[in-house]
Amino acid sequence: MAAYVTLIPLFPLLAALLIGGLHFCRIVDGEAGEKTTARLALTAIGLSVLTALGLLIADLSGQLPDSVSYGTWLRSGTLTIDYTLATGGFNLILASLFSLLLLVAIRFSVNYLHRETGFYRFFFILNLFAAAMLLLVLSGNAVFTFIAWEIAGVCSYWLIAYAYDRPIAAHNATRVFVTNRIGDGGFILAIGLALAWLENADWQTINNSAADLEAGDATLLALSFAVAAFAKSAQIPFTPWLARAMEGPTPSSAIFYGGAMIHAGVFLIIQLQPLFVQAPLAMLLLTVIGALTAIYSHWVGLSQTDIKSSQIFATSAQLGLMFVECGLGFWTLAAWHLCAHAVVRCYLLLTAPSILHNTHGQPIRPVAPALANCRWAFIASLQRGWLEPAMDWLLVKPVLRLAKDVRYIDEHIVDTALGAPAPAIRAVSSLAQWEEQKMGANLDSQEDSFAQGSGLAGKLAQWTAALLNWFEYHFILRGIGRDSIRLGRRLGHAANRFEQLLLQPRYLALFVLITLMVALGYR
């Protein structure tokens, strides 16, 4: 039975491919095709739910191993990466829970997005996300977890920019995508360190070998994974991206940022419990960052005026508490907290329109008088602590300035030193000039302006172009006889192709590199 675990992410992946393929071929389109799309999506995620629950029952009765391997994905020397899926424990529990939440969200979306222009696009992305999220929690290997991690992030980007014709939606999607790439850098570093030190990226191997690592190595590895978790679960200083993500449709907000994806960081920390136990500094960082995020989110949430923003800052506050629980060693509490919060928050975001309807006209409960009379605290909360502008000032602006400096050096120093010959398309051959003159065009036929360039490489390209120009002019234009002209024409076309090839940047760079190597050889 353990081998069937791969069907859990496979069913929604097949549904996504079918929906995308059928819509691309216009087999399902318009309002008439919505039923087919809905049935495909619901059937696929329903089969994933049944498979996950069946395996969970078998696991609770002790009939399944901890994991199952489907073979080797990559082998290089002593380094091995296997395609392994977890078939028990917290992984299978989360797979069952997330698949149920995905089923609810997809069913809700069938009516919510009825007659929407992007109906098929939404269900394609949502099913692809379901496959990625289920693979993320079931993967027994850091490499495949990272692949699913990235696919889920791309799906998040697509659905935040669902209304891509709105500039604010496209801008927010880009900000969220770029912010999460910082965490991906930590994840990639952690995978690299695990492969370098342990020659394996299996979660079980990393956890079992954590006690054998030196204290500094274990701390660095844990901190790298912690950065990935902080970014994915919107902890300080990455918290502002979560509010920007609310531009997407309500069902995607509920399942992405209330039910499933937002908890991926906490899940990653819980899965690496043995590693973090060996890294007290990383545990301390989890506690501090989680506490700061919980305080910040609660404080900012007090001044929010729309329901989705209020819900999402409550989400980041709860996530901060989960990190505090992990940092203090309450791993079981953090796991139960994750599961309970995923259910409650997904439900609250899905029912946000109904909550607004049912609470219409009811006054908002006032805050404590001591806080209400503190104007500076209200202004700071309303501005969300100026956290995002501060991060822009500390990180984004220096990078932009560095990019401008590098561009200036490239344009004014590197290009000048290497020489930038004029594009081949601007260097018109004499044969083309002659033919256009016969048609009545008045072109400058001066041979000196055939090609222009700067620097040593540019001058060499210019001299080569001038030589080819002389060959074409004297052999073709002054040739006698039809055969001579025909042969010259072919040679001229060949010369033009060779000239265009010579003027391409990659060959120019290669020529410069060879020249430098020869010069160094003579020295």
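See the structure above.
Residues numbered from 1 in each chain as written. Predicted model: local features only at pLDDT ≥ 70, side-chain atom pairs only at ≥ 80, totals over all residues. Heavy atoms only, no water.

Digging into the overall build of the protein chain
Scanning the protein chain from N- to C-terminus turns up 23 helices and two strands. Residues counted as buried form 47% of the 523 residues belonging to the protein chain. Considering only contacts within the protein chain whose residues lie at least 6 apart along the sequence, 75% involve residues at least 24 apart. Summing over all exposed atoms, the protein chain offers an accessible surface of approximately 26800 Å²; the carbon and sulfur share of this is 65%. (Helix = DSSP H or I, 4+ residues; strand = E, 2+ residues; numbered from the N terminus. Buried < 20%, exposed > 50% of the residue type's maximum accessible area, 1.4 Å probe, protein only. Contact = heavy atoms within 4.5 Å. Areas by Shrake-Rupley, 256 points an atom, 1.4 Å probe, with all protein chains shown as cover.)

Digging into a nonpolar patch on the surface
A grouping of Ile182, Trp393, Leu394, Leu395, Val396 and Leu400 is seen on the molecular surface, where their side chains present a nonpolar patch of about 600 Å² in accessible area. Considering each element in turn, the nonpolar patch owes the most residues, five residues, to helix 19 (residues 387-418). Here Trp393 is to be found in helix 19. (Patch = residues over 30% accessible without salt bridge, like charges linked within 9 Å, V, L, I, M, F, W, Y side chains within 5 Å. Salt bridge = Lys/Arg side-chain N within 4 Å of Asp/Glu carboxyl O.)

Quick word on helix 4 (residues 119-138)
The terminal C-alpha atoms of helix 4 lie 29 Å apart, and with 20 residues this matches the ideal 28 Å at 1.5 Å per residue to within 8%. Most of helix 4 is tucked away: 18 of the 20 residues are buried. (Expected span 1.5 Å × (residues − 1).)

Remarks on the pairing of strand 1 (residues 67-76)
Working note: regular strand, side chains alternate between the two faces of the sheet. The pairing of strand 1 with strand 2 (residues 79-86) spans seven bridges and is classified as antiparallel. Its bridge partner lying in strand 2, Leu74 is registered against Ile81. (Pairing = 2+ DSSP bridges.)

What to know about unusual backbone geometry
Trans is the prevailing form of peptide bonds, just as negative phi is the prevailing case for residues other than glycine. Look at the link from Ile236 to Pro237: it is a cis peptide, with omega at 10 degrees. With respect to the secondary-structure elements, Pro237 resides in the loop between helix 8 (215-232) and helix 9 (240-244). Positive phi is not limited to glycine here, since Arg115 has a value of about 70 degrees. Among the secondary structure elements, Arg115 is positioned in the loop between helix 3 (89-112) and helix 4. Of the residues examined, Arg115 reaches a relative accessible area of 61% and is grouped as exposed. The backbone of Glu199 shows a phi angle near 55 degrees, a positive value even though the residue is not glycine. With respect to the element layout, Glu199 can be found in the loop between helix 6 (167-198) and helix 7 (203-209). Taking relative accessible area as the criterion, Glu199 reaches 37% and is therefore assigned partly exposed.

Some thoughts on the nonpolar core
Counting residues in each nonpolar core, the largest one holds 127 residues, and the members touching the most others are Phe98, Phe129 and Phe276. The leading source of residues in this core is helix 4, at 16 residues. Among the domains, domain 1 (1-140) and domain 2 (165-357 + 371-419) are the pair contributing at least three residues each to this core. If sequence neighbours within four positions are ignored, Phe98 has contacts with Met133, Leu134, Val137, Gly259, Ala260, Leu338 and Ala342. (Core = buried A, V, L, I, M, F, W, Y, C linked by side-chain atoms within 4.5 Å. Domains from an automatic or database assignment.)

Here's the deal with the pairing of strand 2
Among the eight residues of strand 2, six are classified as buried, and the element is accordingly described as predominantly covered. Between strand 1 and the antiparallel strand that follows it, strand 2, lie two residues; Gly77 among them carries a positive phi value of about 65 degrees.

Focus: the pattern of salt bridges
Under the criterion given, the structure shown has seven salt bridges. We note a salt bridge from Arg166 to Glu247, for which the minimum N-O separation is 3.1 Å. Taken as a pair, Arg166 in the loop between helix 5 (142-160) and helix 6 and Glu247 in the loop between helix 9 and helix 10 (250-259) lie far apart in primary sequence, 81 residues in all. Residue classification places Arg166 among the partly exposed residues on the basis of a relative accessible area of 37%. Accessibility expressed as a relative area gives 25% for Glu247, which makes it partly exposed. With its nearest N and O atoms 3.2 Å apart, the salt bridge here joins Arg175 to Glu388. In this pair, Arg175 sits in helix 6 while Glu388 sits in helix 19, placing the two residues 213 residues apart along the sequence. When its relative accessible area of 22% is taken as the criterion, Arg175 is described as partly exposed. One salt-bridge network, held together by shared partners, links Glu150, Arg181 and Asp184.

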